[in-house]
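# Architecture at a glance
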Amino acid sequence: MATLTISKEDEQRVKALGFLNNRGTDNFSARVLTVNGAITAAQAKCIAAAAELFGNGMITFTTRLSVECQGIPYSKIEDFRSYIAKEDLVTGGTGAKVRPVVACKGTTCQYGLIDASGLAKEIHERFFNGYTSVKLPHKFKIAVGGCPNNCVKPNLNDLGIIGQMIPNFDKNQCKGCKKCSVASGCPVNAATIVDGILEINADNCKHCGRCIGKCNFDAIKGGIQGYKIYIGGRWGKCVAHGQALNKLFTNKEEALRVIETAILFYKEQGKTGERFSQTIERLGFKNVETQLLSDEILSRKQEILE
């Protein structure tokens, strides 16, 4: 296997552009950015052509839904970037900053409670693109899950959002059916019959929305769409499970404000090289939660960014 001959400085420079060295060679994988894995047919053709023209023809996908073209010589990096720019494609997604946003297919999935893809795109524009020049203590990953099935594992990201559906339960409409379709259909046994009347245990309910419309007497006709936010998750050698903020957001803009507040908080109070989960552990979850749910940090946005 060939030995790497370029300097460490040059390797770091192109890594910041989204080119990661293929171990033991002078070749690199180009990390082509997508918006939650979505590209047009024309962009797919462009990436395929670039992979053959400048790389070894192999295309792979990252866990954050970027596209990687392997085997690109150092001398062809700028040619690759210029070629994919014809279809408005860029490389990147590395470094101590907000990373590409990922989401499940909750937008089209039968269990999806929110427009996960649409929300991920909005977060991408506001906080991946909008904060692209903002250096953070470490990488900051965001994921959007359409429902509590947790397929994209939002609670293992620095910040995760999980779609919710809070059932509107009208106890007066309950007829005390011997066989309750709501209780039998609840996947987590949060709905049970107590003294002949349906009860929903708020602590056990996952807000999955599976009970909506199940009652033949309209005891649960509908629900309120919401967003549950987890902070401080990460995977890797040291896994940390994110903790949920003690508030269920029913307003999308309010949830987006919390995301921005978290990024600004991390920039201001995180230490260099420290993941968000470590910042939370050091400062205390309740302390961090209080700051994220207030307007104080956002009021100092320009000061923090400058």
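Rules used throughout
- Residues numbered from 1 in each chain as written.
- Predicted model: local features only at pLDDT ≥ 70, side-chain atom pairs only at ≥ 80, totals over all residues.
- Heavy atoms only, no water.
- Pairing = 2+ DSSP bridges.
- Helix = DSSP H or I, 4+ residues; strand = E, 2+ residues; numbered from the N terminus.
- Axes fitted to C-alpha atoms, helices over the stretch in contact; angles between N-to-C directions.
- Core = buried A, V, L, I, M, F, W, Y, C linked by side-chain atoms within 4.5 Å.
- Buried < 20%, exposed > 50% of the residue type's maximum accessible area, 1.4 Å probe, protein only.
- Contact = heavy atoms within 4.5 Å.
- Parallel < 35°, antiparallel > 145°, perpendicular 65-115°, else oblique.
- Left-handed = near helix turned anticlockwise from the far one by under 90°.
- Nonpolar A, V, L, I, M, F, W, Y, C, P; charged D, E, K, R; others polar.
- Phe/Tyr/Trp six-rings, centres within 6.5 Å; stacked < 30°, edge-to-face > 60°.
- 1 Å grid on protein atoms, 1.4 Å probe; cavity = no way out; pocket = protein on both sides within 12 Å on 5 of 7 lines; lining within 4 Å.
- Points joined across faces, edges and corners; volume = space filled by probe spheres on them.

## Some points on the sheet that holds strand β5 (residues 102-103)
- Overall, mixed pairing links the 5 strands, which are arranged β5-β6-β7-β10-β11 in an open sheet. Among the strands making up the open sheet, the edge pair consists of β5 and β11 (243-244).
- As paired elements, strand β10 (residues 220-231) and β11 share 2 bridges and run antiparallel to each other. Across the sheet, Y230 pairs through a bridge with A244, a residue of β11.

## A closer look at the sheet that holds strand β4 (residues 67-73)
- Judged by pairing direction, the sheet is antiparallel, and its 4 strands sit side by side in the order β1-β2-β4-β3 without closing on themselves. Either end of the sheet is taken by a strand with one partner, and the two such strands are β1 (19-21) and β3 (59-61). Neighbour-to-neighbour, the strand axes of this sheet turn through a mean angle of 35°, independent of strand direction.
- Looking at chain direction, strand β2 (residues 27-32) and β4 are connected through 5 bridges and run antiparallel.

## Some remarks on the nonpolar core
- Core analysis: the biggest nonpolar cluster contains 45 residues, and I123, F140, V144, L159, I229, I231 and I259 have the highest contact counts within it.
- In terms of residue count, the dominant contributor to this core is helix α6 (residues 252-269) (9 residues).
- For V144, the contacting residues outside a window of four places in its chain are V101, V102, A103, C104, I114, A116, L119, A120, I123, V152, P154 and I161.
- Ranked by size, the runner-up nonpolar core spans 18 residues in total, among them F19, F28, I47 and V67.

## Overview of the packing of helix α2 (residues 41-54) against helix α3 (residues 77-84)
- At a minimum axis separation of 10 Å, α2 and α3 run at an interaxial angle of 160°. Judged on the interaxial angle alone, α3 and α2 are roughly antiparallel. Taken as a pair, α2 and α3 cross one another with a handedness that is right-handed. Packed against α2, whose contacting residues are C46, A49, A50, A51, L53 and F54, the element α3 presents D79, F80, Y83 and I84 at the interface.
- Taken together, the residues of the contact of α2 with α3 break down into 9 nonpolar, no polar and 1 charged.

## Section: the packing of aromatic side chains
- One pass over the full model with this rule turns up 9 aromatic pairs.
- Summarising the aromatic geometry, the rings of F140 and Y266 are spaced 5.7 Å apart at their centres and angled 40° between planes, so their arrangement reads as tilted. Placement of the pair is F140 in the loop between α4 (116-129) and β6 (142-145) and Y266 in helix α6, with a sequence separation of 126 residues.
- Given the relative accessible area of 0%, F140 is considered buried.
- Members of the aromatic cluster, each reached through a chain of ring pairs, are F19, F54, F80 and Y83.

## Regarding the environment of A183
- On the secondary structure map, A183 appears in helix α5 (residues 181-185).
- Distance from A183 to G37, taken between C-alpha atoms, is 38 Å for residues 146 residues apart in sequence.
- The contacts of A183, once residues within four sequence positions are left out, are A191, T192, I193 and L198.

## Re empty space enclosed by the protein
- Inspection of the entire model under this criterion finds 1 cavity of 30 Å³ or more.
- Approximately 130 Å³ is the volume attributed to the largest cavity.
- Elements that contribute at least two residues to the lining of the largest cavity include exactly β7 (159-169) and α5.
- Of the residues belonging to the lining of the largest cavity, the class tally is 12 nonpolar, 3 polar and 2 charged.

## Quick look at unusual backbone geometry
- Phi angles above zero are rare outside glycine, and N36 is one such case at about 55°.
- On the secondary structure map, N36 appears in the loop between β2 and α2.
- Its identity is not glycine, yet D88 carries a phi of approximately 60°, on the positive side.
- Along the chain, D88 turns up in the loop between α3 and β5.

## Remarks on the packing of α4 against α6
- Direction vectors running N to C along α4 and α6 enclose 40°, while the axes themselves pass 12 Å from each other. In terms of orientation, α4 and α6 fall into the oblique class. Where α4 crosses over α6, the handedness of that crossing is right-handed. Contacts between α4 and α6 pair L119, E122, I123, R126 and F127 from the former with K252, E253, L256, I259, E260 and I263 from the latter.

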